Amino acid sequence: MTTYLPPDALDRPFDPKDFNPEVLQGQYQEITNLLLASHCGIKAIKTKLEILSDEMQLQDRRNPIEYIRSRIKSFDSIVGKLQRRGLPVTVEAARRELFDIAGVRVICAFVDDIYRIANMLAAQNDVKLLIVKDYIRNPKPSGYRSYHMIVEVPVYFSNHSEQVRVEVQIRTIAMDFWATLEHQLNYKRDVDIDGEIAKKLRSCADSIANTDREMQVIRDMVDQLDSSADAVNPMKVMAHVANIVGASGIDQMGRSK
């Protein structure tokens, strides 16, 4: 299983100097290029998501994205996945066959935000949607819920461009809470899928899903109250914009006129 970096970790390619030189001897430059492309693909997706988040904050006066995490699949995981699939352990095979070397995880407050963000991202002209796995409507037997997308985005370098695949996982805070604890409890353990522990985990997953649905209903009720309120105060709107783009940015835009 892959490990995601904490929210405050710096996104960076793994240093090829840390790799076992005997595994991919002679492919040092190719490994470096692969990890650089993956790193840049993550940055491209995160920028798109941050722009969508800013836009939706202004439209809805709330932030649909709580936070974003990212990771580059570890070298050992890449090699292990290639070997399990009976594929050659080469950079070319990794580029061609593995779709999740670069990963972005988006945490939302509500379930409908997940589908809204996914649809907005997939609708962008330079984003190619390759695969969708909806584990919210179709949970895994373990109880795992999340929305997975494999997308392809262009990355532009000084003398060429590449299409980079990125796995995007979108889930609620509650789904992420369950998945994180489930990973800690099951990591490197063979838990019987029909055993007592697995049953309790599935029960917790179902309870959390019910909580997500109830919170969605409450949010919709609150939105209904907001829609019937008085017209929005323009000063409050400007204050909200300043909070997103920064007061200094507002000031500079005003002075440039």
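What you see is a predicted model, and the numbers here were worked out from it, not measured in a lab.

## Considerations on the packing of helix α1 (residues 28-60) against helix α4 (residues 111-122)
Phase 1 of the analysis: Two elements in contact, α1 and α4, have axes whose closest approach is 11 Å; the angle formed by their N-to-C orientations is 125°. If you check the angle between α1 and α4, you find them oblique. Here the hand of the crossing between α1 and α4 comes out right-handed. The segment α1 lies against α4, with I45, K48, L49, L52, M56, Q59 and D60 engaging R116, I117, M120 and L121.
Phase 2 of the analysis: Residue composition of the contact of α1 with α4, grouped by class: seven nonpolar, one polar and three charged.

## Notes on the environment of A93
Phase 1 of the analysis: Turning to its location among the elements, A93 is positioned in helix α3 (residues 91-97).
Phase 2 of the analysis: A residue is classified by how much of its surface remains accessible, and A93, at 0% relative accessible area, is buried.
Phase 3 of the analysis: Taking C-alpha positions, A93 is 7.8 Å from L82, a pair spaced 11 residues apart along the chain.
Phase 4 of the analysis: Once residues lying within four places of it in the same chain are set aside, the contact partners of A93 are L82, P88 and L98.

## Some thoughts on the pattern of salt bridges
In a structure, side chains of opposite charge can pair up when their charged atoms sit close to one another.
Phase 1 of the analysis: Tallying each qualifying case throughout the model produces 15 salt bridges.
Phase 2 of the analysis: Residue K73 is joined to D100 by a salt bridge in which the shortest nitrogen-to-oxygen separation is 3.3 Å. Taken as a pair, K73 in the loop between β1 (65-72) and α2 (75-84) and D100 in the loop between α3 and β2 (102-108) lie far apart in primary sequence, 27 residues in all. Here the two residues K73 and D100 agree in accessibility, since each one is buried.
Phase 3 of the analysis: Between R95 and E162 there is a salt bridge, with the nearest N and O atoms lying 3.2 Å from each other. Of this pair, R95 sits in helix α3 while E162 sits in strand β5 (residues 161-172), placing them 67 residues apart in sequence.
Phase 4 of the analysis: Overall, the relative accessible area of 32% leaves R95 in the partly exposed class.

## Quick notes on α1
Phase 1 of the analysis: Under the 1.5 Å per step criterion, the end-to-end length of α1 is 48 Å for 33 residues, consistent within 8% with the ideal 48 Å.
Phase 2 of the analysis: After α1 finishes, the residue R61 shows a positive phi value of roughly 60°.

## A look at the nonpolar core
Phase 1 of the analysis: If you look at the biggest cluster of nonpolar residues, it comprises 43 residues, and the most contacted ones within it are I45, L49, V166, V168 and I170.
Phase 2 of the analysis: Counting residues per element, the ones that place at least two in this core are α1, β1, α2, α3, β2, α4, β4 (147-156) and β5.
Phase 3 of the analysis: At nine residues, the largest contribution of residues to this core is made by α1.
Phase 4 of the analysis: In contact with V166, not counting residues within four places along its chain, are G41, I42, I45, F99, A102, G103, V104, M149, I150, V151 and V153.
Phase 5 of the analysis: If you look at the next biggest cluster of nonpolar residues, it comprises eight residues, including A174, L201, A205 and I208.

## Regarding the pairing of β1
Phase 1 of the analysis: Burial analysis of β1 places six of its eight residues in the buried class, the great majority of the element.
Phase 2 of the analysis: With seven bridges connecting them, β1 and β2 associate as antiparallel partners. Looking across to β2, one finds that Y67 is bridged to I107.

## Overview of a nonpolar patch on the surface
Phase 1 of the analysis: Together, F177, L181 and L185 make up a nonpolar patch on the protein surface, roughly 290 Å² of accessible area in all.
Phase 2 of the analysis: Looking at the secondary structure, you find F177 in helix α5 (residues 173-186).

## Examining the sheet that holds β2
Phase 1 of the analysis: Ordered in space as β1-β2-β5-β4-β3, the five strands form an open sheet in which the pairing is mixed. Both edges of this open sheet fall to β1 and β3 (128-134), since each of them pairs with a single strand only. The sheet shows a mean angle of 25° between the axes of neighbouring strands, direction not considered.
Phase 2 of the analysis: Across the sheet, α4 touches β1, β2, β3, β4 and β5, and the angle it forms with β5 is around 170°.

## Remarks on the side chain of Q216
Phase 1 of the analysis: By the secondary structure assignment, Q216 is in helix α6 (residues 196-227).
Phase 2 of the analysis: Polar contacts involving the side chain of Q216 include one to the main-chain amide nitrogen of V111, which spans 3.5 Å.
Phase 3 of the analysis: With residues up to four places along the chain from it excluded, the contact list for Q216 reads F110, V111 and D112.

## Describing the environment of L52
Phase 1 of the analysis: Within the element layout of this structure, L52 appears in helix α1.
Phase 2 of the analysis: Remark: the alpha-carbon pair of L52 and I117, spanning 65 residues in sequence, is separated by 7.7 Å.

Scoring rules and cut-offs
Residues numbered from 1 in each chain as written. Predicted model: local features only at pLDDT ≥ 70, side-chain atom pairs only at ≥ 80, totals over all residues. Heavy atoms only, no water. Axes fitted to C-alpha atoms, helices over the stretch in contact; angles between N-to-C directions. Helix = DSSP H or I, 4+ residues; strand = E, 2+ residues; numbered from the N terminus. Parallel < 35°, antiparallel > 145°, perpendicular 65-115°, else oblique. Left-handed = near helix turned anticlockwise from the far one by under 90°. Contact = heavy atoms within 4.5 Å. Nonpolar A, V, L, I, M, F, W, Y, C, P; charged D, E, K, R; others polar. Buried < 20%, exposed > 50% of the residue type's maximum accessible area, 1.4 Å probe, protein only. Salt bridge = Lys/Arg side-chain N within 4 Å of Asp/Glu carboxyl O. Expected span 1.5 Å × (residues − 1). Core = buried A, V, L, I, M, F, W, Y, C linked by side-chain atoms within 4.5 Å. Pairing = 2+ DSSP bridges. Patch = residues over 30% accessible without salt bridge, like charges linked within 9 Å, V, L, I, M, F, W, Y side chains within 5 Å. Areas by Shrake-Rupley, 256 points an atom, 1.4 Å probe, with all protein chains shown as cover. Polar contact = N/O pair within 3.5 Å; in protein donor to acceptor, adjacent residues only side chain to side chain.

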